[in-house]
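Each chain, letter by letter, is given below.
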Amino acid sequence: MSLVTLLPFIVLIGAMFLMTRSAKKKQNAAAQMRNDMQPGSGVRTIGGMYATVKEVNEDTVLLDAGPGVDLLFAKNAIGAVLSDDEYNRLVHGIEHDLKEDESVVPDDASSLTETDEPADASDDKPIDLGKKDVADEPVEESADAEPKKADEADLKKSDGESDAK
């Protein structure tokens, strides 16, 4: 057999070796993370439930999911061990990473326009932004002016028609 015919098999075996090696690294990291769990740390299960570790046994973990709710899970069911800041942010909505110096941007602009000073009396008048009707305005008629009449041809024309016939 020549080297050219063996080359695809060698490449395939090498790719399989690299894939299994990276998968084993991920498995070992997950097992190490589960073994490093301590009571009191926050975790997320593979089902997406957040809880606090109450007790760690060899193959199981007792989780406190709420007041009076203790659940027994297999260690393999723990998807991630969370840091205290991340757990408090996700479960309790507490942000610890905000600095005191930073200004907080409001959700709406109403707080940006509020002032401590009382408004002037001139600001109390309502502003009319609507269009005025032509019928409401007084019409000045002069003796020389004749009322305008529309031609019948102008009335029959639509937007798309031209004047040429």
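Throughout this description, residue numbers start from 1 for each chain and increase along the sequence as written. For this predicted model, a pLDDT threshold of at least 70 governs which residues receive local features, and a threshold of 80 or more governs which side-chain atom pairs are given and counted, while totals over whole chains, interfaces and linings are taken from all residues. Remark: hydrogens and water are excluded; side-chain values derive from all non-hydrogen atoms of the structure.

Asker: What's the story with the nonpolar core in this structure? I'm lost.
Answerer: Among soluble globular proteins, nonpolar side chains are generally buried collectively. Formed by Met37, Val43, Ala51, Val53, Val61, Leu63 and Ile78, the largest nonpolar core amounts to seven residues. In this text, helices come from DSSP runs of H or I with a minimum length of four residues, and strands from runs of E with a minimum of two, each type numbered from the N-terminal end. Elements with a minimum of two residues in this core: strand 2 (50–56) and strand 3 (60–66). It only takes one pair of heavy atoms within 4.5 Å for two residues to be counted as in contact. For Val43, the residues in contact, after removing those within four places along its chain, are Met37, Met49, Tyr50, Ala51, Val53, Leu63, Ile78, Ala80, Val81, Leu82 and Tyr87. The nonpolar core is taken to be a set of buried Ala, Val, Leu, Ile, Met, Phe, Trp, Tyr and Cys residues, with the residues joined through side-chain atoms within 4.5 Å. Accessible area is worked out with a 1.4 Å probe on protein chains only. A residue is then buried under 20% of its type maximum, exposed over 50%, and partly exposed in between.

Asker: Can you walk me through the pairing of strand 2 in this structure?
Answerer: Remember that side chains alternate between the two faces of the sheet whenever the strand is regular. In this description, strands pair whenever DSSP reports at least two bridges between them. Note that strand 1 (residues 42–45) and strand 2 share three bridges and pair antiparallel. Pairing of Val43 across the sheet is with Ala51, part of strand 2. Between the end of strand 1 and the start of strand 2, which pair antiparallel, lie four residues, with Gly48 showing a positive phi angle near 95 degrees. Bridge count between strand 2 and strand 3: four bridges; the pairing is antiparallel. By the bridge assignment, Glu55 is partnered in strand 3 with Leu62. Hairpin connection between strand 2 and strand 3: a loop of three residues separates the two successive antiparallel strands.

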